Amino acid sequence: MRSKYALRFLALGYLAALLGIPVALVFINAFQDGIGAAWEAVTTPEAQHAFYMTFVMVAVAVPLNTVFGILCAHAIVRQRFRGRALLNAMVDLPFAVSPVVVGLALLLVYGRRDGWVGEWLAEQGIQVIFSTPGMILATMFVSLPFVVREVVPVLREIGTDQEQAAATLGANAFQTFFRVTLPAIRYGVAYGVVLTTARALGEFGAVSVVSGKISGQTQTATLFVEERFQRFDLTGAYAASMVLALLALATLLAMNLIKPKEARS
Amino acid sequence: MSIVIDSVSKTFGDYVALDDVRLEVRDGSLTALLGPSGGGKSTLLRVIAGLELPDSGMVRIAGQDATDTPPQRRNVGFVFQHYAAFKHMTVAGNVAFGLTIRKQPRWGMLARTARSRSDEIEAKVDELLKLVHLDGFAHRYPSQLSGGQRQRMALARALAVEPRVLLLDEPFGALDATVRKELRAWLRRLHDEVHVTTVFVTHDQEEAMEVAEQIVVLDHGRIQQVGTPRELYERPTNDFVMRFIGPVSEIGGRWIRPHDVEILLEPAEGTSEAMIDRILHLGFEVRVELSLGEGESTWVQTTRSRAEELELAEGQIVWLRAETESEPVSA
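If you're wondering where the values come from, they're calculated on a predicted model, not measured in any experiment.

A. Just the overall build of chain B, in detail. For chain B, the helix and strand inventory stands at 9 helices and 17 strands. By principal-axis analysis of the C-alpha atoms, chain B measures approximately 90 × 45 × 30 Å. Buried residues in chain B amount to 38% of all 331 residues. Sequence separation of 24 or more characterises 64% of the internal contacts of chain B that already satisfy a separation of 6 or more.

B. The overall build of chain A, seen in detail. Broken down by element type, chain A carries 15 helices and 0 strands. Principal-axis analysis of the C-alpha atoms places the extent of chain A at approximately 70 × 65 × 30 Å. Taking all 265 residues of chain A together, 36% fall into the buried category. Within chain A, residue pairs in contact and separated by at least 24 positions form 74% of the contacts whose partners lie at least 6 positions apart.

C. Molecular detail of unusual backbone geometry. Look at His220 of chain B: it is not a glycine, yet its phi comes out positive at around 50 degrees. Following the sequence through the fold, His220 of chain B ends up in the loop between β9 (214–219) and β10 (222–227).

D. Inspection of the confidence of the model for chain B at higher detail. With 95% of its residues at a pLDDT of 70 or more, chain B shows a mean pLDDT of 89. For this predicted complex, the interface score ipTM comes out at 0.83, while the overall pTM is 0.82.

E. The arrangement of the interface of chain A and chain B in detail. Counting residues at the interface gives 14 residues for chain A, matched by 19 residues for chain B. Of all the secondary-structure elements, those providing two or more residues to the side of chain A that touches chain B are α10 (161–168) and α11 (173–184) of chain A. With 6 residues, α10 of chain A is the single largest residue contributor to the side of chain A that touches chain B.

F. Representation of the nonpolar core. Core analysis: the biggest nonpolar cluster contains 90 residues, and Ala32, Leu33, Ile48, Val95, Ala154, Ala156 and Leu167 of chain B have the highest contact counts within it. With 58 residues, the next largest nonpolar core counts Val58, Ile136, Ala239 and Ala240 of chain A among its residues.

G. Representation of the sheet that holds strand β1 (residues 3–12) of chain B within the structure. All names here are of chain B. Taken in spatial order, the 4 strands of this open sheet run β2-β1-β4-β5, and their pairing is antiparallel. Edge positions in the open sheet fall to β2 (15–25) and β5 (64–65), since each of these has one partner strand only. Sheet topology note: the β1/β2 ladder contains 7 bridges and is antiparallel. Pairing of Val8 across the sheet is with Val21, part of β2.

H. Here's a closer look at the pairing of strand β17 (residues 317–322) of chain B. All names here are of chain B. The two faces of β17 differ: Val318, Leu320 and Ala322 on one face are buried, but Ile317, Trp319 and Arg321 on the other face are not. The pairing of strand β13 (residues 261–264) with β17 spans 4 bridges and is classified as antiparallel. Looking at β17, one finds that Glu262 is bridged to Arg321. Bridge count for strand β14 (residues 272–282) against β17 is 4 bridges, and the pairing is antiparallel. Paired with Met275 across the bridge in β17 is Ile317.

I. Examining the sheet that holds strand β16 (residues 296–303) of chain B more closely. All names here are of chain B. If you walk across this open sheet you meet the 5 strands as β13-β17-β14-β15-β16, and the pairing is antiparallel. Looking at the sheet topology across the chains shown, the edges are occupied by β13 and β16. Ignoring strand direction, the axes of neighbouring strands in this sheet form an average angle of 45 degrees.

J. Here's a closer look at the packing of helix α9 (residues 145–158) of chain A against helix α12 (residues 186–202) of chain A. Residues and elements named next belong to chain A. Look at α9 against α12: their axes get within 7 Å of each other, and the N-to-C directions meet at 160 degrees. Judged by the angle between their axes, α9 and α12 are roughly antiparallel. The two elements α9 and α12 cross, and the hand of that crossing is right-handed. Contact residues: Phe146, Val147, Glu150, Val151 and Val154 in α9; Gly188, Val189, Tyr191, Gly192, Val193, Leu195, Thr196 and Arg199 in α12. Grouping the amino acids of the contact of α9 with α12 by side-chain chemistry returns 8 nonpolar, 3 polar and 2 charged.

K. Representation of the environment of Arg73 of chain B. Along the chain, Arg73 of chain B falls in the loop between β5 and β6 (76–79). For the pair Arg73 of chain B and Ala49 of chain B, spaced 24 residues apart in the sequence, the C-alpha separation amounts to 9.9 Å.

L. Region of interest: helix α15 (residues 234–258) of chain A. Residues and elements named next belong to chain A. With 25 residues, α15 extends 36 Å from end C-alpha to end C-alpha; this agrees with the ideal 36 Å at 1.5 Å per step. Taken together, the buried positions of α15 are occupied by Gly236, Ala237, Tyr238, Ala239, Ala240, Ser241, Met242, Val243 and Leu244. Considering only its buried residues, α15 is in contact with α1 (2–30), α2 (35–41), α3 (45–78), α12 and α14 (221–230).

M. Seen up close, the packing of α3 of chain A against α12 of chain A. All names here are of chain A. Relative orientation of the contacting elements α3 and α12 amounts to 145 degrees, with a least axis distance of 9 Å. Along this stretch, α3 crosses α12, giving a crossing that reads as right-handed. Between α3 and α12, the residues in contact are Thr54, Met57, Val58, Ala61, Val62, Asn65, Thr66, Gly69 and Ile70 and Val189, Gly192, Val193, Thr196, Thr197, Ala200 and Leu201, respectively. Partitioning the contact of α3 with α12 into residue classes produces 9 nonpolar, 7 polar and no charged.

N. How the structure looks around α1 of chain A. Residue and element names in this part refer to chain A. The end-to-end C-alpha distance of α1, which contains 29 residues, comes to 39 Å, matching closely the 42 Å that a straight helix rising 1.5 Å per residue would cover. Maximal helix bending in α1 amounts to about 50 degrees, located at Ala16. The buried fraction of α1 amounts to 1 of the 29 residues, a small share that puts the element mostly on the outside.

O. Region of interest: the environment of Ser249 of chain B. Residue and element names in this part refer to chain B. Structurally, Ser249 is set in strand β11 (residues 249–251). The class for Ser249 is buried, based on 21 C-beta atoms found within 10 Å. In this structure Ser249 touches Ile256, Pro258, Val261, Thr298, Trp299 and Val300, once residues within four positions along its chain are discounted.

The rules behind the values
- Residues numbered from 1 in each chain as written.
- Chains lettered and ligands numbered in written order.
- Predicted model: local features only at pLDDT ≥ 70, side-chain atom pairs only at ≥ 80, totals over all residues.
- Helix = DSSP H or I, 4+ residues; strand = E, 2+ residues; numbered from the N terminus.
- Buried ≥ 20, exposed ≤ 12 C-beta atoms within 10 Å, placed from the backbone.
- Contact = placed C-beta atoms within 7 Å.
- pLDDT = per-residue confidence, 0-100.
- Core = buried A, V, L, I, M, F, W, Y, C linked by C-beta atoms within 7 Å.
- Pairing = 2+ DSSP bridges.
- Axes fitted to C-alpha atoms, helices over the stretch in contact; angles between N-to-C directions.
- Parallel < 35°, antiparallel > 145°, perpendicular 65-115°, else oblique.
- Left-handed = near helix turned anticlockwise from the far one by under 90°.
- Nonpolar A, V, L, I, M, F, W, Y, C, P; charged D, E, K, R; others polar.
- Expected span 1.5 Å × (residues − 1).
- Bend = angle between axes of the 7 residues up to and from the residue.

Here you go:
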């Protein structure tokens, strides 16, 4: 009995020390100069623009990675081709590679001076680095694996019986996918979307490298927090952090709401 | 519609699933593919459905070459062992699936026509649910049904598209013994009503004998024998079929049905001496276990009245005579 309580205490204490207390302190510090000051700090034009940029990142990266993630999971689970194992391993790359390295890698490809295709793109009038497209690419890169990793096990679990049944009933590949496969994996897709959103909201390293951090232009919410912090505007930094934390919390809450009843504990 | 399998072979890597299989299934018949697991029976069924492509050979359905026709256009109904229910659809939705994707209202179709189509589908679904005794379950979800009900729903779904052939892969394999027995009898009656050419896979010889008009015995990817249940039981073409269909005993190095052995109290020509080890009373049937000398043992099935008449007792010496009628034709 005692060991049971000790274990529980250990688990909760660990969580409190690592997550609970720091996040709680962010909330407390955000309001150290009162609610009015916190509100003002996150409604300045720069702050609004930073949240708008974060919204753009999420709005582009999440749908694209969702579509790609479903296609990719389908290829990994349902199809047999050379390089399938390689594809499966590649998908995990963003988990393994540090976001800063991702940022630098993007510079090497799209950089205007000595990037691989950057020069040619610049001649066409397309600026990738220090601009929105590069930031979107960085966000997409780091948030790529989530939908794939959530959908692959679900797709494996449902098996091929339902899809084959649909085929014998006359459904073509398109009808089978939209009427049978997609509804069957919908919870996996939804979890993947939630995790992708949370990751895209919080991305800092890769975006930091490729954005150039131009305030009011290429600054996302996380970059805004860093800038405020470095300028000793602690209220601004903590207030923006709090908004980010609340957004992440809302996403996770959404995940719990969409969970099927039987999976809820 | 008739099905003709002409020299079909199929391998998976090194494993030979079907080896030059030739078979004819008559229009309107009820056929069982019977054999041990890994014998090729499911592969054969999936080849007929178009879910597997044969490496060589030809599949003809209703006289037409269907070898390269995709499953969508074969017009076959397929029932899976684990039901393959569309879990996110109601029972009615499942049954209507094949109809709704075929008769989707097109752009430009008059609203009135579209409505009459959906009424048509609804009526058809009602009729099918009645046929499989699931009327009243239309708005439930598969998770709210028992295994037997789910399988009947799957059957209604397969029948909805009015298939030319109905294929069932171990349809009762996942059900418990009582439900299995019920559904067997019910499938038989359903076939009498619907008359669609039906092929089902089973590894249970009793199930095959009880339901099918024609049994195809498959082992190691080859057809061992095709015949009526009675033909297979009484005139098996080889030891495998003999042992797979019904019980066997070994006396003097040959296989025989245990009820085709006569127990005599006196020696006679063509008899073997044996000692009774045990007598088991199984109701009407009495099972006598005997030793034949040199460590060989066998068993004989007899009736209660016969055992009483002979006053059989454990430890008694008797003589066994094989009735030659069901002697296996050597392969």
